[in-house]
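# Notes for the structure review
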Amino acid sequence: MKIVNNIKSSFAAKLSFMLFIGTFIVVTCVYAINNFRTRNHMVKEAVKDNAAMVDLFISKIGKEINLVEHNIKSRDMLFKEYYKKRDVDALDAMIKDVAKECNVREVFYALRPRGERTYMADALKEPDGKINVMRRTRNYKYYLHTYYLVPEKYQKDYWTAPYFTTIASQRAITFSHPIIDTTGDMIAVLGADILLETLTDTLSANVAKHSPIKGSYLMLVSKDGRYLAHPDKKKIANETYITDARENDCPELEIIVRKILDGESGNCIANLYGQRTIVTYAQMPELEWGIMLATPYDTITSVILEYIILSFVLMFIGFLIMGFVIYRIIWSMSKPLNVYSHASARIAAGDFDTPVEMTFSSGDELEKLGKDMDDMRVKLKNYYEDIQISAAQRESMEKELSIAHDIQMSMLPVESEVSLSNEYVKVNGYLNPAKEVGGDLWQYMLKDGKLMFIIGDVSGKGVPASLVMAQTVCLFKAQDADSSPLDLVMLINSLLSENNERNMFETLIVGKLDLSDGKLSFCNAGHDPMLLVRDGKVEEIPMNRNLPVGLIEDFQYRIDSLTMQPGDKILLYTDGIPEAENEMKELYSLKRLENALLENCEASTEGIIHSIREDLHKYVESAPQSDDITMVCINYRKMISNTENLTRTIVFKNQMSEVSRIAEFIEGIGEELSIDFSVMNGIQLAIEEAVVNIINYAYPDKTDCDSSLRVNFKDNVLTFILTDSGIPFDPTGKQDPDVSLDISDRPIGGLGIFLVKKIMNEVSYEYISEQNVLTMKKELKTK
Amino acid sequence: MKIEKLILSVLLSTLFFTAKGQSSVSAMQSSLYTFWTAQSQYAGFILAEEDGLYKANGMDLKVIHFDGTPAVEMLQTGKADFVSLTLLDALDARLKGVKLVNILQFSHESSFVVVSNEPVRSLKDLKGQEIVTYRAFNTTLKNEIYRRLAQNVSIKEIYSCVEAFCTGAYDYVICTSYNEMYEIEESGFDISSKNIIHLSKCGLNIPEDGIYVMEEFLQKNPKAVDKFIKASIEGWSIASQDIEHSVDVTLTRMERENLLHNRYHERNMLKEMLRLHGKDQNFSLTQKEFDEALELFGEEAKGIIDFDSFAR
């Protein structure tokens, strides 16, 4: 594992390893192909060698055989001569001579029996080389042996099959030659015995000694199929090729020997004794023996295998040494890479001051890389310093922008002034610049019973827009109660148009509301029209659009007017709202704004602003704000007299989120009726208690059920009627808790309705048409 | 002192002779002589000896194989108590006055076949031909073949008849189906039903190998004969059930006696011997077999030998 990690982490080791593996694979493949070719070559050579050896053996045995045949046959005439003379001594001397001249065990002659008279003499060669001639007894019936019978019958030479000699049980073969007289009758058989060992053992030894491939062996088969030579000595004489082949499940052996005994010669690859073997075979012409020289394929393969293993080990060692040398060379050559690696690590850590070490001079790409890296270090250092300066400048700028933002915001209604509320009018506004400083503006002021207000949007963003915006606000603030919105628009237009080299412009709505009669005069300079909320409806206020200020210096703006009814609300907004985009780049749209306004038309101005903001946030989600957002809501109202009747209704779901909406609804009524804040607080508490009770318990296991709260003001009495279709429940039936008891002694529950009863002047419950109807009345003091 | 020594020597001598007498009683020494050398032809007897079946039956029997001495001579001279002989040879000896008795017959079918180089169908196809066979071929059987072929055939008994046939010197050979026939096949000669005649199918189905004892021996040692028969039958029974074991035992014996041997040949020989013995595992000569064999010796022979005195 450690070695693997070292190889993985070291360039030199990795490259060396890959070179080692690559070279090793290529060389091994070449080597394998070469060995395959070598093996084939060796097989061919083995076949050639075996064929040559078989020829040699045939020739050697043939020589021995021919020598015997020649010596016997050459005595034919002499034999007849001695036979004619009945010179037995001469015949004996003759066979003795033959025995001397040939490598034979014995030489004999056997006369053709005449009646019961038989005669046979042997010249037997003793182990010490002495030759004794002896005569066979009459009991020995030589004329019944094949060596006599066959030549007699066919009058031709005959080589017997191998047999065991009666003396010493040696294996021998006999050559017998018929002596034919002039009349054509056979008068005798002259022959000789050869010991097989003298022929076969020498051959087997020669195979073991001279065969180029160890493991080759010789097989000799006599013409009667019996083994004369075999690597398994036990099989010699005992087995024939048939018994051997069938006993050892070696059918190819039987096929080959049959071919040989039929006189064929050649070579083949056969399965002998479970081994793939190259067999070269032939037949000896004189004896009709079969000779086979067999070389197991595995012996050739094992020779090659030995060679392969040795070569492979040497090659592997060589590769290891070469790999190590290559590793050292690459390591030495790639040493600069280590230096560069350390240098780049230092640079990455922010050390731009330490130069890249250049202690070597190779003059190649590596040296150039080092120089380039050092150049890069210097450049990075400079760049880093520039960035630091830029960052400082940016920080300073951001600080200035923050100050500008603060200044701009200070020009708009401050926190406490964001809402104006008196008995005639209520104003709420909201501005959120897209950048630190923006181009949107709004402002209002109340002078001599007149509410003057402005909303605007300067083209562009940032500092230039904010300066224009500041100028506009200053001009607005400089107006008095008699100033006309038109005059102010014309003034701003002329001031902005003058020397307007940057072609900046501004959309505006300037308005003035006479709180005594609700008359509203206003001038629109290219701004989005105001929306009017009246009698539960939302509509765009028709007006002259005119041109934004700053475009045409002497443009004649036209003023518009409207008489507001008590309870009317108007909403002014900049285009940042309808043009706000969500992540899908879809616009919020005027339509959605109108819907949001409609849904919350009963709410207070503050509630309306809040609801629209919530809806806008919900729509754009995380999409970045691209434009300033400003909206202003003005509610014109008139104190309702005690004799006047007011009725408002809100429907709510049995969900806790509805509580805040109901609170806003109550608050709106309080504002509308200018009810004292402390009184309204109590009413809010009582109504909330009653509403929460319905939300929590009226509809068990159900959500999304509607209930309603109807408010009626008449004769200075506020009547709240809570209606729900939930399970019947009479909260007034509950006994009031004993508040004089210690809190730990009091039973749980009952405090809520008790509180309601305390706050309200009258609380009653009815169950009408399967609905709970809780009526709460509060008398208000006359102002 | 001298008296004490004398008493001691008398006691020791008494002990010695007593012990010797007891050992001779415990196991009778006897021998079986086979009319040919060791081979699977005698597998049951060799196995009975080598596996100790004779000893287990209280016999100290040695199986001796052919050494050139005729089996009848071995029996007559008392060199062997039991001999194996063909039925025809035994009848021939009995007719010549040798009082031998068949005590066990383990071949109930003739093994003789004529193998030919040319296709043959019956004995008649051999007319005018020169046939070789092994030495000491039964004369009675040879005469019967001559008789059947009206002397128009030459049967030559020679040494190495298989070689003479295989080398092509002779075209016909009479041999046994358990030995020479396999030798011919093992030398590469293809034997088929077209070039072979079974004498058993030509009205010459004379049973062959049986075990014989002298009448006198039988009368004196009936229990020994019984033991021999029992152990020999056990030997043949084991040989038939476990052929490979039997061949192993036979090969070991042949190797010990310096005889040519191979497993393939001996296995085939044993199987053929078991076939010749027959499926019914009968180890007795039947009256019918006796009568058919005696028929070959002519009418005169019938008056000389009777089945009851010939076979036990």
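## Quick look at the side chain of Asn772(A)
Residue and element names in this part refer to chain A. Mapped onto the secondary structure, asparagine 772 falls in strand 28 (residues 771-779). Separated by 2.9 Å, the side chain of asparagine 772 and the backbone oxygen of isoleucine 727 make a polar contact. Here tyrosine 765 takes part through its side chain, which lies 2.4 Å from a polar atom of the side chain of asparagine 772. Those residues in contact with asparagine 772 that sit more than four places away from it in its chain are Leu722, Thr723, Asp724, Gly726, Ile727, Pro728, Phe729, Tyr765, Glu766 and Tyr767.

## Remarks on the packing of aromatic side chains
Inspection of the entire model under this criterion finds 33 aromatic pairs over all chains. By way of ring pairs, the aromatic residues Phe45(B), Tyr54(B), Phe82(B), Phe106(B), Phe217(B), Phe228(B) and Trp236(B) are connected into one cluster. Across from the ring centre of Tyr154(A), 5.8 Å away, lies the NZ or CZ of Lys156(A), which sits over that ring.

## Considering helix 14 (residues 590-599) of chain A
Residues and elements named next belong to chain A. Every buried residue of helix 14 is accounted for by Leu593, Ala596 and Leu597. End-on, the buried residues of helix 14 take up no more than an arc of 100 degrees, which puts them together on one face. The exposed set on the far side of helix 14, more than 90 degrees from its buried face, consists of Lys591 and Glu599. Contacts from the buried residues of helix 14 go to strand 19 (531-534), strand 20 (537-540), strand 22 (569-573) and helix 15 (605-620).

## Examining the interface of chain A and chain B
With 27 residues of chain A at the interface, the matching set in chain B holds 26 residues. Buried surface at the junction of chain A and chain B, both sides included, amounts to about 2,200 Å², of which 54% is carbon and sulfur. Area buried by chain A at its contact with chain B is led by Leu144(A), Asn238(A) and Glu247(A), which between them contribute 24% of it. Our count for the chain A to chain B interface comes out at three salt bridges. In this structure, the salt-bridge partner of Glu247(A) is Arg267(B), at a minimum N-O distance of 2.6 Å. Seen at the junction of chain A and chain B, the total is 15 residue pairs in polar contact (both at pLDDT 80 or more). A class-by-class count of the residues in the side of chain A that touches chain B yields ten nonpolar, seven polar and ten charged.

## Description of the sheet that holds strand 24 (residues 646-653) of chain A
Residue and element names in this part refer to chain A. If you walk across this open sheet you meet the five strands as 24-25-26-28-27, and the pairing is antiparallel. The open sheet terminates on both sides in strands that have one partner only, identified here as strand 24 and strand 27 (762-768). With direction set aside, neighbouring strand axes in the sheet form an average angle of 15 degrees. Where strand 24 lies against strand 25 (residues 706-714), eight bridges are found, and the strand directions are antiparallel. Residue pairing across strands places leucine 646 opposite phenylalanine 713, the latter belonging to strand 25. Those strands touched by helix 16 (residues 658-672) are strand 24, strand 25 and strand 26 (717-724), and its axis lies near 175 degrees from that of strand 24.

## Considerations on the pairing of strand 12 (residues 290-296) of chain A
Residue and element names in this part refer to chain A. Among the seven residues in strand 12, seven count as buried, and that is most of the element. Residues Gly290, Met292, Ala294 and Pro296 of strand 12 are buried on one face, and the alternating residues Ile291, Leu293 and Thr295, pointing to the opposite face, are buried as well. When strand 8 (residues 217-221) meets strand 12, the two strands line up antiparallel, connected through five bridges. Residue leucine 218 lies in a different strand from strand 12, and its bridge partner there is leucine 293. Here strand 11 (residues 275-283) pairs with strand 12 via seven bridges, running antiparallel. Within strand 12, the residue paired with tyrosine 281 across the bridge is methionine 292. Once strand 11 ends, the chain turns through six residues before running back antiparallel as strand 12, passing glutamate 288 with a positive phi of about 60 degrees.

## So, the pattern of salt bridges
Residues and elements named next belong to chain A. Going through the model one piece at a time under the given rule, you end up with 46 salt bridges over all chains. Here lysine 653 and aspartate 704 are joined by a salt bridge, their closest N and O atoms 3.6 Å apart. One end of the pair, lysine 653, is in strand 24; the other, aspartate 704, is in the loop between helix 17 (677-697) and strand 25, and 51 residues separate them in sequence. Aspartate 704 sits in the partly exposed class, given a relative accessible area of 47%.

## Quick notes on a positive patch on the surface
Residues and elements named next belong to chain A. A surface patch of positive charge is lined by Arg86, Arg112, Arg114, Arg117 and Arg138. Among the structural elements, arginine 138 can be located in the loop between strand 3 (131-135) and helix 5 (146-154). Taking relative accessible area as the criterion, arginine 138 reaches 63% and is therefore assigned exposed.

## Some words on the sheet that holds strand 5 (residues 112-116) of chain B
Residues and elements named next belong to chain B. Taken together, the five strands give an open sheet; going across it, the order is 7-6-8-5-9, and neighbouring strands pair in mixed fashion. Both outer strands of the open sheet, strand 7 (154-158) and strand 9 (196-198), are each paired with one neighbouring strand and no more. For this sheet, the mean angle separating the axes of adjacent strands, direction not counted, is 25 degrees. Where strand 6 (residues 130-134) lies against strand 8 (residues 172-176), three bridges are found, and the strand directions are parallel. When the bridges of strand 8 are listed, threonine 133 appears paired with isoleucine 174. Contacts from helix 6 (residues 139-148) reach strand 5, strand 7 and strand 8 within the one sheet, and its direction differs from that of strand 7 by about 155 degrees.

## Quick look at a nonpolar patch on the surface
A cluster of nonpolar side chains, namely Leu305(A), Ile309(A), Val313(A), Ile317(A), Ile321(A), Phe324(A), Val325(A), Ile329(A) and Met333(A), defines an oily patch on the protein surface of about 860 Å² accessible area. With respect to the helices and strands, the residue Leu305(A) is situated in helix 9 (residues 297-333).

## Notes on the nonpolar core
All names here are of chain A. By size, the foremost hydrophobic cluster in this structure holds 49 residues, and its most contacted members are Met530, Ile570 and Ile634. Looking at this core, the element that brings in the most residues is helix 12 (residues 462-477), giving seven residues. Grouped together as the second largest cluster of nonpolar side chains are 47 residues, Met53, Ile179, Ile194 and Leu196 included.

## A closer look at the confidence of the model for chain B
All names here are of chain B. Within chain B, residue pLDDT values average 89, and 91% of them lie at 70 or more. Predicted confidence for residues 6-25 stays below pLDDT 50, and this span has zero contacts to residues more than four positions away or in other chains. Both confidence scores are given for the complex: pTM 0.58, ipTM 0.87.

## Observations regarding unusual backbone geometry
Residues and elements named next belong to chain A. One non-glycine residue, asparagine 546, adopts positive backbone phi at about 55 degrees. You can call asparagine 546 buried: its relative accessible area is 15%. Non-glycine residue serine 589 carries a positive phi angle of around 80 degrees. Topologically, serine 589 is positioned in the loop between strand 22 and helix 14.

Criteria and thresholds
- Residues numbered from 1 in each chain as written.
- Chains lettered and ligands numbered in written order.
- Predicted model: local features only at pLDDT ≥ 70, side-chain atom pairs only at ≥ 80, totals over all residues.
- Heavy atoms only, no water.
- Helix = DSSP H or I, 4+ residues; strand = E, 2+ residues; numbered from the N terminus.
- Polar contact = N/O pair within 3.5 Å; in protein donor to acceptor, adjacent residues only side chain to side chain.
- Contact = heavy atoms within 4.5 Å.
- Phe/Tyr/Trp six-rings, centres within 6.5 Å; stacked < 30°, edge-to-face > 60°.
- Lys NZ or Arg CZ within 6 Å of the ring centre and 35° of its normal.
- Buried < 20%, exposed > 50% of the residue type's maximum accessible area, 1.4 Å probe, protein only.
- Arc of directions from axis to C-beta.
- Buried area = accessible area lost by both parts, 1.4 Å probe.
- Salt bridge = Lys/Arg side-chain N within 4 Å of Asp/Glu carboxyl O.
- Nonpolar A, V, L, I, M, F, W, Y, C, P; charged D, E, K, R; others polar.
- Pairing = 2+ DSSP bridges.
- Axes fitted to C-alpha atoms, helices over the stretch in contact; angles between N-to-C directions.
- Patch = residues over 30% accessible without salt bridge, like charges linked within 9 Å, V, L, I, M, F, W, Y side chains within 5 Å.
- Areas by Shrake-Rupley, 256 points an atom, 1.4 Å probe, with all protein chains shown as cover.
- Lys, Arg positive; Asp, Glu negative; His and termini not counted.
- Charge placed at Lys NZ, Arg CZ, Asp CG, Glu CD.
- Core = buried A, V, L, I, M, F, W, Y, C linked by side-chain atoms within 4.5 Å.
- pLDDT = per-residue confidence, 0-100.

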